[in-house]
Number of protein chains: 6
Amino acid sequence: MKVTVSRKAHFNAAHRLYRKDWTFEKNQAVFGKCNNPNYHGHNYELIVSVTGEIDPETGYVMDLGDLAAIIRNEIEDKFDHKNLNMDVPEFADLNPTAENIVVVIWNKIRAKITSDKELEVVLYETPRNFVTYKGS
Amino acid sequence: MKVTVSRKAHFNAAHRLYRKDWTFEKNQAVFGKCNNPNYHGHNYELIVSVTGEIDPETGYVMDLGDLAAIIRNEIEDKFDHKNLNMDVPEFADLNPTAENIVVVIWNKIRAKITSDKELEVVLYETPRNFVTYKGS
Amino acid sequence: MKVTVSRKAHFNAAHRLYRKDWTFEKNQAVFGKCNNPNYHGHNYELIVSVTGEIDPETGYVMDLGDLAAIIRNEIEDKFDHKNLNMDVPEFADLNPTAENIVVVIWNKIRAKITSDKELEVVLYETPRNFVTYKGS
Amino acid sequence: MKVTVSRKAHFNAAHRLYRKDWTFEKNQAVFGKCNNPNYHGHNYELIVSVTGEIDPETGYVMDLGDLAAIIRNEIEDKFDHKNLNMDVPEFADLNPTAENIVVVIWNKIRAKITSDKELEVVLYETPRNFVTYKGS
Amino acid sequence: MKVTVSRKAHFNAAHRLYRKDWTFEKNQAVFGKCNNPNYHGHNYELIVSVTGEIDPETGYVMDLGDLAAIIRNEIEDKFDHKNLNMDVPEFADLNPTAENIVVVIWNKIRAKITSDKELEVVLYETPRNFVTYKGS
Amino acid sequence: MKVTVSRKAHFNAAHRLYRKDWTFEKNQAVFGKCNNPNYHGHNYELIVSVTGEIDPETGYVMDLGDLAAIIRNEIEDKFDHKNLNMDVPEFADLNPTAENIVVVIWNKIRAKITSDKELEVVLYETPRNFVTYKGS
């Protein structure tokens, strides 16, 4: 019996969408107001879902306290109250679009989840815009 | 790396559930209070999700501004503050159940999304009732 | 010790904003797309709040089951799945703006609440637009 | 055209996470504060989703009023305002983790849905923790 | 310039509504299914609001981190994952209705807020039922 | 009959909490992680409420489309996708705490609302932290 367990979390961060190898004008044409050189920011909401068999001993797929701790250590401690472009090494040369952020988050959490389980991450950039990555 | 990008939107509309080729009594038996000949209405909430590869140039699967514009042009401008039965040609002879509405919306948006991408539409008729269509 | 107890409820209805004694053009200028002669509609959300002393016998200001029944009898049964302009007598000659609807609802519930208690009604027409009436 | 129709519902219940065949200390080590022998509780929120073909007669996959009645009879009447461990027979010897609860709910609703339809149940234990079961 | 700062928090607890000095039948007549002797439970949501002058030094009415710590120490640590009737001394002889709980919470937080500030507490027992206390 | 009409809006911005006339250490002691020199950010949610008499001609206290336009012109166009400290003149020498932001917003909207009406502004910095200002 495969069940999916999901945990919500959140972090608040600044970012700017742009490529260092493009001119300001080209960045402006593609990324518009998201290219503000002084940055803007979001309350990012995260839903991390792990799918696996129920352990008949505990009735858990995975202790959600353990999952919450992984999210806190891997994501919240590194992303919360940060400037994604300047403070988070993964985005030193990677444009922090929601799509790129969700893949980075998925990879960081995937490394901490046992391989018999599947992982999906949903990232809300605003209440109306969100992205989903399942690893393929 | 396939990522899904999602955008929420909404429109407010009146509708009546009934078939013109049934008697009032049969419509009442099947559709109950939704068959009110004077119509009732809803704040419809929409989640449009597009799945595709991340463009390595931009870091986008698709510019969410472009997706918002498609939803505005194809759906909001045609459905918002309308009577679905009377003002929207697709429902002239099609009962505007949530299921039929979501298929109509999917078809209208599908025509504007490039064929290498997958599309899913979720339509909330009320906060407690919603439907989902993926195109098959 | 005065405490406020609040109960949420909802109804789905069609309406049209217009005055019968104005021309279509004047109604269109003032009410815009809300003047659609074929009606549009909303999921109205309601928050009814009653303020009074805690009854030391029961620990209740008022049994919320009783309040829910008043809302059901006075409002939901009369407004839900209706056309406000055509099916609800109070709006036969009263423009069903959110402001007018909330006053009508307040008056109907006020008649069923004992006079030692205060009443406030909040009415959401959409998730982003709402009105509040306290009776004065 | 396969569409998914979804209905939200909820019940309020007390529970305790523990195994009768473990010592209190072992239960405390594994389940922590959820092992409180005096119980704690939750407002469980439920999303029941049924996938099937749209009936061309009615425009429904399934009458959501019928689905709501199934949820009320099978789940709400038996789980709401109950102690899951003491009042619900299925948990007499089964630890009422969210994972085990969602499987029990899925089985009870599955028995009432025709076999040509697929079923998914999502159970929120808190606004931040939820589980999903699709039957395999 | 008086501003109100508000902080949301939550706790999960079991409770039973009844008076020890009433018969089971009388409790059942007044409190219905809330009188289940085996308890039921809720995810209680809390909004604590403090009104006062903005400190021109800091721009804060009150550090929301300090307010969050007061809520954690005074309420969450004592109410979360508890049986309110059995584990929380204030309810040993006080019926834990939402009204009585919100007054108890208000008194506990009031003792930790400086007297130049006003306090309001909102307590959600379910998403549809909530109570508010301002101290008079 | 005085009714309150309310409109929700939102903007996404970066900010840093600090005083230019304090050392980094003192700012860090008071503002903690909010003092990140590279900024962080939020999805700010706004509820603007205007209280006044219902105009018997229109049934409106105020056209919510007009109120939405005021919010867009005065707030969204100036704050959205900005760095509050660097891009918004009001915060050049004013610490952009939620309390100071809500007062600035209230003053900007107050100037556009006729004096017979009352104004209240609620500003959510995160889903769990918000502030309210009524002008006194």
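Residues numbered from 1 in each chain as written. Chains lettered and ligands numbered in written order. Predicted model: local features only at pLDDT ≥ 70, side-chain atom pairs only at ≥ 80, totals over all residues. Heavy atoms only, no water.

Things to note about the overall build of chain A
Turning to step 1, where the next piece is worked out: On a plain count of helices and strands, chain A comes out with 4 helices and 5 strands.
Turning to step 2, where the next piece is worked out: Shown N-terminal to C-terminal, the secondary structure of chain A runs as helices and strands in the order β-α-β-α-β-α-α-β-β.
Turning to step 3, where the next piece is worked out: When its C-alpha atoms are laid out on the principal axes, chain A stretches across 60 × 25 × 25 Å.
Turning to step 4, where the next piece is worked out: Relative to its full complement of 136 residues, chain A shows a buried share of 62%.
Turning to step 5, where the next piece is worked out: Approximately 5400 Å² of chain A is accessible, and the part contributed by carbon and sulfur atoms is 50%.
Turning to step 6, where the next piece is worked out: Here chain A carries 17 positive and 20 negative side-chain charges, and the mean point of each set is 5 Å from the other. (Helix = DSSP H or I, 4+ residues; strand = E, 2+ residues; numbered from the N terminus. Buried < 20%, exposed > 50% of the residue type's maximum accessible area, 1.4 Å probe, protein only. Areas by Shrake-Rupley, 256 points an atom, 1.4 Å probe, with all protein chains shown as cover. Lys, Arg positive; Asp, Glu negative; His and termini not counted. Charge placed at Lys NZ, Arg CZ, Asp CG, Glu CD.)

A few points about the interface of chain F and chain A
Turning to step 1, where the next piece is worked out: Contacts between the two partners involve 22 residues from chain F, matched on the other side by 22 residues from chain A.
Turning to step 2, where the next piece is worked out: Taken together, the two surfaces of chain F and chain A that pack against each other cover about 1800 Å², and 47% of this comes from carbon and sulfur.
Turning to step 3, where the next piece is worked out: Contact with chain A buries area across many residues of chain F, yet N38(F), N43(F) and H81(F) alone supply 34% of it, more than any other trio.
Turning to step 4, where the next piece is worked out: Linking chain F with chain A are 2 salt bridges, by the criterion used here.
Turning to step 5, where the next piece is worked out: Note that D80(A) is salt-bridged to K33(F), the shortest N-O span being 2.9 Å.
Turning to step 6, where the next piece is worked out: Taken together, the connections running from chain F to chain A amount to 19 residue pairs in polar contact (both at pLDDT 80 or more).
Turning to step 7, where the next piece is worked out: Listed by contribution, the elements that provide at least two residues to the side of chain F that touches chain A are β1 (2-15), β2 (40-53), β3 (82-83), α3 (84-87) and β4 (118-126) of chain F.
Turning to step 8, where the next piece is worked out: Residue contributions to the side of chain F that touches chain A peak at 5 residues, all from β2(F). (Contact = heavy atoms within 4.5 Å. Buried area = accessible area lost by both parts, 1.4 Å probe. Salt bridge = Lys/Arg side-chain N within 4 Å of Asp/Glu carboxyl O. Polar contact = N/O pair within 3.5 Å; in protein donor to acceptor, adjacent residues only side chain to side chain.)

Looking at the side chain of N38(B)
Turning to step 1, where the next piece is worked out: Checked against the element boundaries, N38(B) lands in the loop between α1 (24-31) and β2 (40-53).
Turning to step 2, where the next piece is worked out: A distance of 2.6 Å separates a polar atom in the side chain of N38(B) from a polar atom in the side chain of D87(C).
Turning to step 3, where the next piece is worked out: With sequence-adjacent residues up to four places away left out, N38(B) is seen in contact with N83(C), M86(C) and D87(C).

As for the interface of chain E and chain D
Turning to step 1, where the next piece is worked out: The partner chain D presents 22 residues to the 22 residues of chain E that form the contact.
Turning to step 2, where the next piece is worked out: Buried area between chain E and chain D, both sides added, is near 1800 Å², and the carbon and sulfur share of it is 47%.
Turning to step 3, where the next piece is worked out: In this assembly, chain E and chain D are joined by 2 salt bridges.
Turning to step 4, where the next piece is worked out: Between chain E and chain D we count 19 residue pairs in polar contact (both at pLDDT 80 or more) in total.
Turning to step 5, where the next piece is worked out: Residue assignment for the side of chain E that touches chain D shows that the elements contributing at least two residues are β1 (2-15), β2 (40-53), β3 (82-83), α3 (84-87) and β4 (118-126) of chain E.
Turning to step 6, where the next piece is worked out: When residues in the side of chain E that touches chain D are grouped by element, the largest group, 5 residues, is from β2(E).
Turning to step 7, where the next piece is worked out: The residue makeup of the side of chain E that touches chain D, split by class, is 6 nonpolar, 10 polar and 6 charged. (Nonpolar A, V, L, I, M, F, W, Y, C, P; charged D, E, K, R; others polar.)

Concerning the relation of the copies chain F and chain A
Turning to step 1, where the next piece is worked out: With an RMSD of 0.0 Å, the fit of chain F onto chain A corresponds to turning through 180° and sliding 0.0 Å along the axis. Those values place the two copies in the arrangement expected of a two-fold rotation axis.
Turning to step 2, where the next piece is worked out: The fraction of interface residues of chain F whose copies in chain A are also interface residues reaches 100%, indicating that both copies meet through the same surface. (Least-squares fit on C-alpha atoms with pLDDT ≥ 70 in both.)

Some points on the pattern of salt bridges
Turning to step 1, where the next piece is worked out: By the definition in use, this model includes 48 salt bridges over all chains.
Turning to step 2, where the next piece is worked out: Among the salt bridges present, the one from K20(A) reaches D93(A), with a minimum N-O distance of 3.9 Å. On the criterion of sequence distance, the pair formed by K20(A) in the loop between β1 (2-15) and α1 (24-31) and D93(A) in the loop between α3 (84-87) and α4 (98-110) is long-range, its members being 73 residues apart.
Turning to step 3, where the next piece is worked out: Note on K20(A): relative accessible area 59%, which makes it exposed.
Turning to step 4, where the next piece is worked out: Residues K117(E) and D116(E) are paired through a salt bridge, measuring 3.5 Å at the closest nitrogen-oxygen approach.
Turning to step 5, where the next piece is worked out: Taking the relative accessible area as the measure of exposure, K117(E) reaches 14% and is therefore buried.

Description of the packing of helix α2 (residues 64-79) of chain B against helix α4 (residues 98-110) of chain B
Residue and element names in this part refer to chain B.
Turning to step 1, where the next piece is worked out: It is at 9 Å that the axes of α2 and α4 come closest, and there the two elements cross at 140°. Here α2 is positioned oblique relative to α4, judged by the angle of their axes. In the packing of α2 onto α4, the handedness of the crossing is right-handed. Between α2, through I70, I71, E74, I75, K78 and F79, and α4, the contact on the second element is made entirely by I101, V104, I105, K108 and I109.
Turning to step 2, where the next piece is worked out: Here the contact of α2 with α4 is built from residues that sort into 8 nonpolar, no polar and 3 charged. (Axes fitted to C-alpha atoms, helices over the stretch in contact; angles between N-to-C directions. Parallel < 35°, antiparallel > 145°, perpendicular 65-115°, else oblique. Left-handed = near helix turned anticlockwise from the far one by under 90°.)

Structural notes on the relation of the copies chain E and chain D
Turning to step 1, where the next piece is worked out: With an RMSD of 0.0 Å, the operation that places chain E on chain D is a rotation of 180° combined with a shift of 0.0 Å along the axis.
Turning to step 2, where the next piece is worked out: Comparing interface residues between copies, 100% of those in chain E also lie at the interface in chain D; the contact surface is shared.

Things to note about α2(B)
Turning to step 1, where the next piece is worked out: Maximal helix bending in α2(B) amounts to about 40°, located at R72(B).
Turning to step 2, where the next piece is worked out: Within the span of α2(B), buried status applies to L64(B), L67(B), A68(B), I70(B), I71(B), E74(B), I75(B), E76(B) and F79(B).
Turning to step 3, where the next piece is worked out: Taken together, the buried residues of α2(B) touch β5 (129-133) of chain A together with β1 (2-15), β2, β3 (82-83), α3 (84-87) and α4 of chain B.
Turning to step 4, where the next piece is worked out: H81(B) sits one or two residues past α2(B) and shows a positive phi near 60°. (Bend = angle between axes of the 7 residues up to and from the residue.)

Comments concerning the packing of aromatic side chains
Turning to step 1, where the next piece is worked out: Considering all chains together, one arrives at 42 aromatic pairs over all chains under this definition.
Turning to step 2, where the next piece is worked out: Centroid distance Y60(A) to F31(D): 5.5 Å. Interplanar angle 75°. Geometry classified as edge-to-face. One end of the pair, Y60(A), is in the loop between β2 (40-53) and α2 (64-79); the other, F31(D), is in helix α1 (residues 24-31), on a second chain.
Turning to step 3, where the next piece is worked out: Judged by relative accessible area, Y60(A) falls into the buried class, the value being 14%.
Turning to step 4, where the next piece is worked out: Connected via pairs of aromatic rings, a cluster forms that spans F11(A), Y44(A), F79(A) and F91(A).
Turning to step 5, where the next piece is worked out: Between K26(B) and the ring centre of W22(B), over which it is positioned, the NZ or CZ distance is 4.2 Å.
Turning to step 6, where the next piece is worked out: Between the NZ or CZ atom of R16(C) and the centre of the ring of Y18(C), over which it lies, the distance is 3.6 Å. (Phe/Tyr/Trp six-rings, centres within 6.5 Å; stacked < 30°, edge-to-face > 60°. Lys NZ or Arg CZ within 6 Å of the ring centre and 35° of its normal.)

Focus on the pairing of β1(F)
Turning to step 1, where the next piece is worked out: Counting buried positions along β1(F) yields 11 of 14 residues, so the element is predominantly enclosed.
Turning to step 2, where the next piece is worked out: The sheet contact formed by strand β5 (residues 129-133) of chain C and β1(F) spans 5 bridges and is antiparallel. Its bridge partner being in β1(F), V131(C) is matched across the sheet by V5(F).
Turning to step 3, where the next piece is worked out: When β1(F) meets β2(F), the two strands line up antiparallel, connected through 14 bridges. Of the residues in β2(F), the one forming a bridge with A9(F) is L46(F).
Turning to step 4, where the next piece is worked out: Across 2 bridges, β1(F) lies against β3(F) in parallel orientation. Within the sheet, the bridge partner assigned to A14(F) lies in β3(F) and is N83(F). (Pairing = 2+ DSSP bridges.)

Brief notes about the arrangement of the chains
Turning to step 1, where the next piece is worked out: Contact between chain A and chain E is absent, and the least distance between their C-alpha atoms amounts to 14 Å.
Turning to step 2, where the next piece is worked out: One finds no contact between chain B and chain E; the C-alpha atoms of the two approach each other to within 13 Å at their closest.

Digging into the confidence of the model for chain A
Turning to step 1, where the next piece is worked out: For chain A, per-residue confidence averages 98 on the pLDDT scale, and residues scoring 70 or more make up 100% of the total.
Turning to step 2, where the next piece is worked out: Overall fold confidence for the complex sits at a pTM of 0.97, while the interface term, ipTM, reaches 0.96. (pLDDT = per-residue confidence, 0-100.)

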